[in-house]
Amino acid sequence: MRFEELICYPKFSKEEFEKRYAELKSLGIEELVEGGKTIILGYKILGKGTTSIVIKAIYKGKIAALKIRRTDSNRESMYEEAKILEMLKDKKIAPELFTYSKNFIVMEYLEGKNIEEFIVNANASECSKIIKKLLEHCILLDKLGIDHGDLSNASDHVIVYDDEVRIIDFESASLNRKPQNFTSIISYLFLSKKTFSNKLLEVYKLSTKEVLEIAREYKKGNLEPIMLLFRRLENYSC
Ligand SMILES: Nc1ncnc2c1ncn2[C@@H]1O[C@H](COP(=O)(O)OP(=O)(O)OP(=O)(O)O)[C@@H](O)[C@H]1O
Ligand SMILES: [Mg+2]
């Protein structure tokens, strides 16, 4: 029963299960794989939110992340989130979208650390590379007109692995709001007043005032302070 309950979480019904099972088969999902830090129904999964759950799965013979719309979700479908992931294909900002349907998104599985854990444990050189890439991702999202919507608390939404960083969970994203990705991430990274953000201010010898100035100038379209910040990241990377 567990597989049936997982794909129809939290409220199982035979009718819904049959629809969802057919959907999964037509997408090419072969099986679910246990793993992750969250436990539901006694089964380890990658994560649980208010509108979806995310489980490892086998897609075309390889591990993928399967995002499943909860049966009690206030979203009609996964189409909006899939549309954004489609726009971001090949841009190396988000997990690669493999396929999707009304109730599921199948995407690249990213095995890594969340950004907060990464910063606390990384040296200046590793931090510089990742932070520069993350800021560039956010500038590009702003240019594309995509507002992620949940980056002011990015701990659950940014995954770091090897030399790469990806933004996940575009469930709250919108193409109709003024994008605030860069200003949200910069205040999250440097002004959160937590161990990781204090470490960054210290390593890069930045003051709160300077960070606010960078954000203010960015809003006016002046990218010069960001270039200076990038140079500072490079200088403190060895
Ligand atoms: N592509 C992925 N690769 C690896 N882990 C992932 C991936 N996508 C999501 N996860 C893990 O699952 C967790 C939940 O994912 P996500 O934030 O997208 O969905 P959610 O919060 O369950 O749903 P929602 O916010 O849409 O209600 C993440 O915090 C992350 O740990
Ligand atoms: Mg979420």
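Report on the accompanying structure. (Residues numbered from 1 in each chain as written. Chains lettered and ligands numbered in written order. Predicted model: local features only at pLDDT ≥ 70, side-chain atom pairs only at ≥ 80, totals over all residues. Heavy atoms only, no water.)

**Things to note about the site of ligand 1**
Residues in close proximity to ligand 1 total 19 residues, the closest being Gly49, Thr51, Lys67, Glu108 and Asp169. Backbone polar atom of Gly49 to an oxygen atom of ligand 1: 2.8 Å apart, as the coordinates give it. Here ligand 1, which alone exposes 620 Å², has 86% of that area covered by the protein. The site holding ligand 1 turns out to be the largest pocket. Elements represented by at least two residues in the shell around ligand 1 include exactly strand S4 (47-48), strand S5 (52-59), strand S6 (62-69) and strand S8 (104-108). Taken together, the residues that form the shell around ligand 1 break down as 8 nonpolar, 5 polar and 6 charged. For the shell around ligand 1, the two domains that each supply at least three residues are domain 1 (2-87 + 95-108) and domain 2 (113-235). (Near = heavy atom within 4 Å. Polar contact = N/O pair within 3.5 Å; in protein donor to acceptor, adjacent residues only side chain to side chain. Areas by Shrake-Rupley, 256 points an atom, 1.4 Å probe, with all protein chains shown as cover. 1 Å grid on protein atoms, 1.4 Å probe; cavity = no way out; pocket = protein on both sides within 12 Å on 5 of 7 lines; lining within 4 Å. Sits in = over half its atoms within 2 Å of the grid points. Helix = DSSP H or I, 4+ residues; strand = E, 2+ residues; numbered from the N terminus. Nonpolar A, V, L, I, M, F, W, Y, C, P; charged D, E, K, R; others polar. Domains from an automatic or database assignment.)

**What about the side chain of Asn103?**
Examined against the element boundaries, Asn103 turns out to sit in the loop between strand S7 (97-100) and S8. A distance of 3.3 Å separates the side chain of Asn103 from the side chain of Arg20, its partner in a polar contact. If sequence neighbours within four positions are ignored, Asn103 has contacts with Glu16, Arg20, Glu23, Lys67, Ile68, Arg69 and Met78. (Contact = heavy atoms within 4.5 Å.)

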